[in-house]
Amino acid sequence: MTKSLSILGSTGSIGTQSLDVARMRGYTVKALTAYSDVERMEAQIREFHPQTVAMVSEKAASDLKVRVADTNTKVLSGMEGVCACARAEGADTVLNSVVGMAGLEPTLAAIDAKKKLALANKETLVAGGQLVMEAAKKNGVAILPVDSEHSAIFQALQGRPTNAALKSIILTASGGPFFGKTQKELEKVTVADALKHPNWEMGAKITVDSATMMNKGLELIEAVWLFSVRPQDVQIVVHRESIVHSAVEYTDNSVIAQLGLPDMRIPIQYALTYPERFESPVGALSLSEIGKLTFFEPDYETFQCINLCRTAINKGGLFPAAVNSANEQANAMFRRGEIGFLEIAERVGRVLETAPQKERYTLEDILEMDRWARESVASM
């Protein structure tokens, strides 16, 4: 069970909620990282007194050094600084909540340092699943999922007698803000429309991924790696209430699900306290107050990103990395108003069609694919 931790991406949605859990459980915080939010990082330093912090932005790091010169916290910068925080001495657990491909190198650094890994950065496994799982096995590192869906699956698998008993994984999806919309209706949607998630408070990138349902496609790929299943063994079901966070189906056709209010502090705390359970800062679930739970088949024709991800993981190699990086670029371009909503899936699909194949890959191969996919999307 966690006693001290490093939090990568501490100023974001998952990072701040992780600090809520750390505050409640009395954990020692050894290291924190962020991209550029100096004000929030300064406040976190003054409350939690980490040994080391890192800001990806060099300018932000310089500003922070001046602000916290009266403390004993060492301020680092860039990806090297983030990776140093992932290896921070004295931390038994690293919680990686960095958004996007940027989380891959710190994940590998934490595994190399033999830290227990609480993983909220799905792109780590989407882009580099082969590398990450092999490194974790080699170093004897446990990877505990923080995503609400994968945490739910992990919890539902605790009663599994053998791997052979598992029949399928059922990933639930909220459907995002555009559930029930047709492609025609989505032609003119705005960034503000896409950011109106019905149930979850998340960062802008992930909220747009939920609107396109790319988030669920990436989670499908993540599930394949985390739970050693085939892509065809992962079902996706739209569940608008976000109360059933995911489920597993066993060979006797029993289905075991994990339910709870849509609050990330439940899966965060479970990853940090596993295998124990403790009181959490989240309210109790009342099924009578919820009243009803609904489930629907996804609209794969309108929300094509799911199938793009399924195709990518079936093809294997670097194709998932290509899809992930293409989506990050297209998602950012949509948020900047440079392309329309439906163009996200269109551009990701064109990258998937033209990406070079490589079955076995290195970190350098992934980074090169990342560069190529982003440039391809930007130049379309």
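Residues numbered from 1 in each chain as written. Predicted model: local features only at pLDDT ≥ 70, side-chain atom pairs only at ≥ 80, totals over all residues. Heavy atoms only, no water.

**Q** With reference to specific residues and values, describe the sheet that holds strand 4 (residues 74–77).
**A** In any sheet, the strands associate via hydrogen bonds between backbone groups, in a parallel or an antiparallel arrangement. Read across the sheet, seven strands follow the order 4-3-2-1-5-6-7 without closing on themselves; strand pairing throughout is parallel. In this open sheet, the two strands that pair with only one neighbour each are strand 4 and strand 7 (143–145). Across the sheet, the mean angle separating the axes of adjacent strands is 20° when strand polarity is ignored. Bridge count between strand 1 (residues 4–8) and strand 2 (residues 28–34): five bridges; the pairing is parallel. Bridging from a neighbouring strand, Leu 8 pairs with Thr 33 of strand 2. Along the sheet, helix 5 (residues 104–112) contacts strand 1, strand 5 (93–96), strand 6 (116–119) and strand 7; its crossing angle with strand 6, the most-contacted strand, is approximately 155°. (Pairing = 2+ DSSP bridges. Helix = DSSP H or I, 4+ residues; strand = E, 2+ residues; numbered from the N terminus. Axes fitted to C-alpha atoms, helices over the stretch in contact; angles between N-to-C directions. Contact = heavy atoms within 4.5 Å.)

**Q** Just give me the short version of the pattern of salt bridges, but keep the residues and values in it.
**A** Scanning all chains against the criterion turns up 24 salt bridges. For Asp 263, the salt bridge is made with Arg 265, and the minimal N-O distance between the two is 2.9 Å. For the residue pair Asp 263 and Arg 265, the accessibility class agrees, reading buried in each case. Across the pair Glu 328 and Arg 374 runs a salt bridge, and its minimum N-O distance is 2.6 Å. On the criterion of sequence distance, the pair formed by Glu 328 in helix 15 (residues 319–335) and Arg 374 in helix 17 (residues 363–379) is long-range, its members being 46 residues apart. Assessed through its relative accessible area of 11%, Glu 328 is described here as buried. Residues joined in a network through salt bridges with shared partners are Asp 20, Arg 23, Glu 47, Asp 263 and Arg 265. (Salt bridge = Lys/Arg side-chain N within 4 Å of Asp/Glu carboxyl O. Buried < 20%, exposed > 50% of the residue type's maximum accessible area, 1.4 Å probe, protein only.)

**Q** Tell me about the sheet that holds strand 11 (residues 255–259), and please be specific about residues and values.
**A** Taken together, the four strands give an open sheet; going across it, the order is 9-8-10-11, and neighbouring strands pair in mixed fashion. At either margin of the open sheet sits one strand with a lone partner, and together these are strand 9 (234–238) and strand 11. Averaged over all pairs of adjacent strands, the angle between strand axes in this sheet comes to 20°, irrespective of strand direction. Sheet analysis places strand 10 (residues 244–250) next to strand 11, joined by five bridges and oriented antiparallel. Looking at strand 11, one finds that Glu 249 is bridged to Val 255.

**Q** Explain unusual backbone geometry to me, and be specific about the residues and the numbers.
**A** A cis amide bond, omega 10°, links Tyr 274 with the succeeding residue Pro 275. Its location among the elements puts Pro 275 in the loop between helix 12 (265–273) and helix 13 (287–290). Positive phi, close to 60°, is recorded for Lys 114, a residue that is not glycine. Tracing the backbone through its elements, the reader meets Lys 114 in the loop between helix 5 and strand 6. One non-glycine residue, Met 213, lies in positive phi territory at about 70°. Locating Met 213 in the fold gives a position in the loop between helix 10 (204–212) and helix 11 (214–227). Overall, the relative accessible area of 4% leaves Met 213 in the buried class.

**Q** Report on the environment of Val 238, specifying residues and quantitative values.
**A** When you line up the elements, Val 238 lands in strand 9. By relative accessible area, Val 238 is classed as buried at 1%. Taking the C-alpha atoms as reference, Val 238 lies 23 Å from Ala 284; in sequence the two are 46 residues apart. Discounting residues that sit within four places of it in the chain, Val 238 has contacts with Ala 173, Ser 174, Gly 175, Phe 179, Met 213, Thr 294, Phe 295, Phe 296 and Pro 298.

**Q** Can you lay out the packing of aromatic side chains for me, pointing to particular residues and giving the numbers?
**A** Applying the stated rule across the entire model yields six aromatic pairs. Look at Phe 178 and Phe 341: their rings are 5.1 Å apart centre to centre, the planes differ by 80°, and that puts the pair in the edge-to-face class. Here the residue Phe 178 occupies a position in the loop between strand 8 (166–173) and helix 8 (183–186), and Phe 341 occupies one in the loop between helix 15 and helix 16 (343–354), the gap between them amounting to 163 residues. Across the pair, exposure class does not vary: Phe 178 and Phe 341 are buried alike. Above the ring of Phe 319, the side-chain terminus of Lys 315 is found at 4.0 Å from the ring centroid. (Phe/Tyr/Trp six-rings, centres within 6.5 Å; stacked < 30°, edge-to-face > 60°. Lys NZ or Arg CZ within 6 Å of the ring centre and 35° of its normal.)

**Q** Can you break down the nonpolar core residue by residue, with the values?
**A** Core analysis: the biggest nonpolar cluster contains 118 residues, and Leu 64, Ile 169, Phe 227, Phe 341 and Ile 366 have the highest contact counts within it. Apart from residues lying up to four places away in sequence, Phe 227 is in contact with His 150, Ile 153, Phe 154, Leu 157 and Ile 169. (Core = buried A, V, L, I, M, F, W, Y, C linked by side-chain atoms within 4.5 Å.)

**Q** Could you give an account of helix 1 (residues 13–25), with specific residues and numbers?
**A** With 13 residues, helix 1 should cover 18 Å at 1.5 Å per step; its first-to-last C-alpha distance of 19 Å lies within 8% of that length. For helix 1, the full list of buried residues reads Ile 14, Gly 15, Gln 17, Ser 18, Leu 19, Val 21 and Ala 22. On its buried face, helix 1 is in contact with strand 1, strand 2, helix 2 (38–48), strand 5 and helix 12. In the stretch just after helix 1, Gly 26 is the one whose phi turns positive, near 75°. (Expected span 1.5 Å × (residues − 1).)

**Q** Can you tell me about the state of the cysteines, naming the residues and giving the values?
**A** In this structure the tally under the stated criterion is zero disulfides. Cysteine Cys 83 shares no disulfide, and the gap to the nearest cysteine sulfur, in Cys 85, comes to 9.4 Å. Judged by its relative accessible area of 8%, Cys 83 falls in the buried class. (Disulfide = S-S within 2.5 Å.)

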